[in-house]
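Analysis of the macromolecular model
One-letter residues, chain by chain:
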Amino acid sequence: MPFNKIILPEKDIPRQWYNLAADLPGPIQPPLGPDGQALKPEMLAKVFPMNIIDQEVSIRRWIDIPEEVLEMLALWRPAPLRRALALEEYLKTPARIYYKDESVSPAGSHKPNTAVAQAWYNKKFGIKKLTTETGAGQWGSAIAFACNLIGLECKVYMVRISFDQKPMRKTMMQVWGAKCVASPSHDTAAGREVLRKMPHTPGSLGIAISEAVEDAVSDKSGNSRYSLGSVLNHVLLHQTIIGLEAKKQLKIAGEKTPDVVIGCVGGGSNFAGVSFPFICDKIHGKKIEIIPVEPTACPTLTRGPFTYDFGDTAGLTPLLAMYTLGHDFVPEPIHAGGLRYHGMAPLVSQAAAKGLINPRSYDQIKCYESAMIWGKTEGTICAPETSHAIACAIDEAKKAKKESRK
Ligand SMILES: Cc1ncc(COP(=O)(O)O)c(C=O)c1O
């Protein structure tokens with residue numbers, strides 16, 4: 001009987017994160033400060049604790065995961081690698097489809113992988129409160145969970161449309177003791193300014209980031225910092241545990257190198273998590289097609305130029321070298337709230353610019369049809385974000401069938 005899942009023992013949780021910045025060909029384009037000059041790490045000190053800033057600028061290939069962070073990760077990791085046998089059967093494809101199941105985390109997504117690490121580094125630095133944004137509510141619930149675990153106060157600015165569409169996410173944050181407000185809000189100058197100009201806006205991640213950054217840096221006690229759920233190098237670094245585990249599991253499954261690696265992309269951390277260890281193999285000569293999938297409603301990698309832009313709407317963040325639709329772009333209120341971000345992680349952007357990954361954009365209806373096929377075959381009801389990756393996996397499996405390839 002073919003197996004359905006591979007579960008690693010706890011002792012096999014990776015002990016180090018993988019940093020793609022060490023292997024990307026060509027110089028990394030640094031973030032720029034307001035004067036247009038390369039940002040000095042200490043200029044971020046009011047926003048992030050120094051131990052996280054050190055990781056953000058690091059070009060070391062392997063970074064040790066602190067023992068206490070490993071203990072928290074072990075609450076749900078290693079995550080299973082499953083084989084989508086029922087989907088393969090439904091599609092009558094010779095392709096073997098594997099998926100890394102990050103839904104087993106307490107908050108139900110990949111986001112707690114970095115949330116527990118970020119909360120731990122902040123606590124270690126003496127910080128008492130974290131502020132953040134959330135799109136679909138996955139990141140907000142993950143950081144609320146982590147702050148509760150570690151003993152930090154937490155305030156979440158949740159994009160208005162998701163606040164209304166996904167009320168249970170808000171309840172989860174409240175269970176874990178976080179305060180959650182709809183963004184734009186009246187709590188910040190950035191929020192009030194947007195509400196003045198666009199009182200009925202559905203909100204965006206860019207606006208919510210402006211609010212959360214302003215909240216943190218305006219705390220006169222100096223005890224607050226901001227925490228980001230995607231985009232930045234340290235966030236992507238923490239997520240690489242996904243791909244590193246997957247590699248061990250694929251080996252147990254008897255697979256050598258996968259032909260195709262797929263992930264959905266919002267800010268880039270989910271995709272980076274599963275793909276960066278494979279991009280490393282590709283850089284070192286392996287033949288792998290690596291596909292980030294974004295919504296046609298927010299086609300950052302497929303339509304945006306690669307340039308310097310702000311990470312938020314109000315222009316409070318440094319300028320980042322990335323694919324972007326413009327920091328004031330407000331995407332249509334599609335259900336995949338976690339993919340409604342105007343920009344893209346600089347490391348993912350630079351991998352795209354160098355031709356290491358092949359982005360695609362998919363329409364919401366096609367993704368929903370794929371999610372329905374998934375629910376009826378594999379049994380789980382996936383997140384709207386995840387459905388983008390599933391739609392692409394189905395296309396690739398059909399292509400394999402046409403070409404009689406496994
Ligand atoms: C379930 C799910 N998958 C993927 C993503 C996208 O993650 P990222 O923004 O890191 O690309 C999100 C974002 O909220 C999400 O909620």
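Here, the structure is the one placed above.
Here is a short report on the structure shown in this document. Bear in mind the structure is a predicted one, so any value in this text is a computation, not a measurement.

Let's shift gears to the overall build of the chain. Each helix and strand counted, the chain has 16 helices and 14 strands in total. Computed over the C-alpha atoms, the radius of gyration of the chain is 20 Å, within 12% of the 22 Å expected from 2.2 N^0.38 for a compact globule of 406 residues. Taking the contacts inside the chain whose residues are at least 6 apart along the sequence as the reference set, 75% of them involve residues at least 24 apart.

Neighbouring the ligand are 19 residues; Gln-138, Gly-266, Ser-269, Gly-338 and Glu-385 lie closest to it. At the level of elements, α5 (138-150), α12 (269-283) and α16 (384-402) are the ones that each hand at least two residues to the shell around the ligand. Sort the elements by how many residues they give to the shell around the ligand and α12 lands first, with 3 residues. Considering only residue class, the shell around the ligand consists of 7 nonpolar, 11 polar and 1 charged.

Here the focus is the pairing of strand β10 (residues 260-264). The buried fraction of β10 amounts to 4 of the 5 residues, a majority that puts the element mostly inside the structure. Here 5 bridges tie β10 to strand β11 (residues 289-295), and the two strands are oriented parallel to one another. Its bridge partner being in β11, Val-261 is matched across the sheet by Ile-290. For the crossover from β10 across α12 to β11, the handedness is right-handed.

For the rest of this paragraph, the subject is the sheet that holds strand β8 (residues 179-183). Read from one edge to the other, the open sheet built from 4 strands follows the order β8-β7-β6-β9, with strand pairing classed as parallel. In the strand order of this sheet, the two ends are held by β8 and β9 (224-226), each with one partner. The average angle at which neighbouring strand axes cross in this sheet is 20 degrees, direction not considered. Sheet analysis places strand β7 (residues 153-159) next to β8, joined by 5 bridges and oriented parallel. Residue Val-159 lies in a different strand from β8, and its bridge partner there is Ser-183. Along the sheet, helix α9 (residues 205-217) makes contact with β6 (129-134), β7, β8 and β9, crossing β6 at roughly 170 degrees.

Here the focus is the nonpolar core. In terms of nonpolar packing, the biggest core is built from 109 residues, with Ile-143, Ala-144, Cys-147 and Val-348 touching the most fellow members. Considering every element that reaches this core, the biggest residue donor is α16, with 8 residues. The residues contacting Ile-143, other than those within four sequence positions of it, are Ala-115, Leu-130, Thr-132, Cys-154, Ser-227 and Gly-229.

The next point concerns the sheet that holds β10. Taken together, 3 strands build an open sheet; the order of strands is β10-β11-β14 and the sheet is parallel. Strand pairing shows two members of the sheet lacking a second neighbour, β10 and β14 (360-362), which therefore form its edges. Put simply, the sheet's adjacent strands are angled 30 degrees from each other on average, direction ignored. The pairing of β11 with β14 spans 3 bridges and is classified as parallel. Residue pairing across strands places Glu-294 opposite Ser-361, the latter belonging to β14.

So, about unusual backbone geometry. Along the chain, Arg-77 connects to Pro-78 via a cis peptide bond; the corresponding omega equals -5 degrees. Counting through the fold element by element, Pro-78 comes out in the loop between α2 (67-73) and β4 (81-83). In the segment running from Ser-183 into Pro-184, the intervening peptide bond is cis, with an omega of 5 degrees. Residue position: Pro-184 is located in the loop between β8 and α8 (189-197). Its identity as a non-glycine residue notwithstanding, Lys-92 has a phi of 50 degrees, on the positive side.

The next thing to look at is helix α15 (residues 364-377). Taking 1.5 Å as the rise per residue, α15 with 14 residues should run 20 Å; its terminal C-alpha atoms sit 20 Å apart, in good agreement. All of the buried residues in α15 are Cys-367, Ser-370, Ala-371 and Trp-374. Burial along α15 is one-sided: seen end-on, the buried residues are contained in an arc of 105 degrees. Across from the buried face of α15, at angles greater than 90 degrees, the exposed residues are Ile-365 and Lys-376. Buried residues along α15 sit in contact with α3 (85-91), β14 and α16. Trailing α15 by a residue or two, Gly-379 shows a phi angle of about 95 degrees, which is positive.

Orientation of α8 relative to α9, taken along the N-to-C sense of each, is 145 degrees, at an axis distance of 7 Å. Seen from α8, the contacting residues are Ala-189, Ala-190, Gly-191 and Val-194; seen from α9, they are Ile-207, Ser-210, Glu-211 and Glu-214. Grouping the constituent residues of the contact of α8 with α9 by class yields 4 nonpolar, 2 polar and 2 charged.

It is the contact of α5 with helix α7 (residues 167-175), at a shortest axis distance of 8 Å, that shows an interaxial angle of 10 degrees. Here α5 is positioned roughly parallel relative to α7, judged by the angle of their axes. Contacts from Gly-140, Ser-141 and Ala-144 of α5 reach α7 at Arg-169, Met-172 and Met-173.

About the thresholds
- Residues numbered from 1 in each chain as written.
- Predicted model: local features only at pLDDT ≥ 70, side-chain atom pairs only at ≥ 80, totals over all residues.
- Helix = DSSP H or I, 4+ residues; strand = E, 2+ residues; numbered from the N terminus.
- Rg over C-alpha atoms; globule rule 2.2 N^0.38 Å.
- Contact = placed C-beta atoms within 7 Å.
- Near = placed C-beta within 6 Å.
- Nonpolar A, V, L, I, M, F, W, Y, C, P; charged D, E, K, R; others polar.
- Buried ≥ 20, exposed ≤ 12 C-beta atoms within 10 Å, placed from the backbone.
- Pairing = 2+ DSSP bridges.
- Right-handed = clockwise from strand over helix to strand, strands pointing away.
- Axes fitted to C-alpha atoms, helices over the stretch in contact; angles between N-to-C directions.
- Core = buried A, V, L, I, M, F, W, Y, C linked by C-beta atoms within 7 Å.
- Expected span 1.5 Å × (residues − 1).
- Arc of directions from axis to C-beta.
- Parallel < 35°, antiparallel > 145°, perpendicular 65-115°, else oblique.

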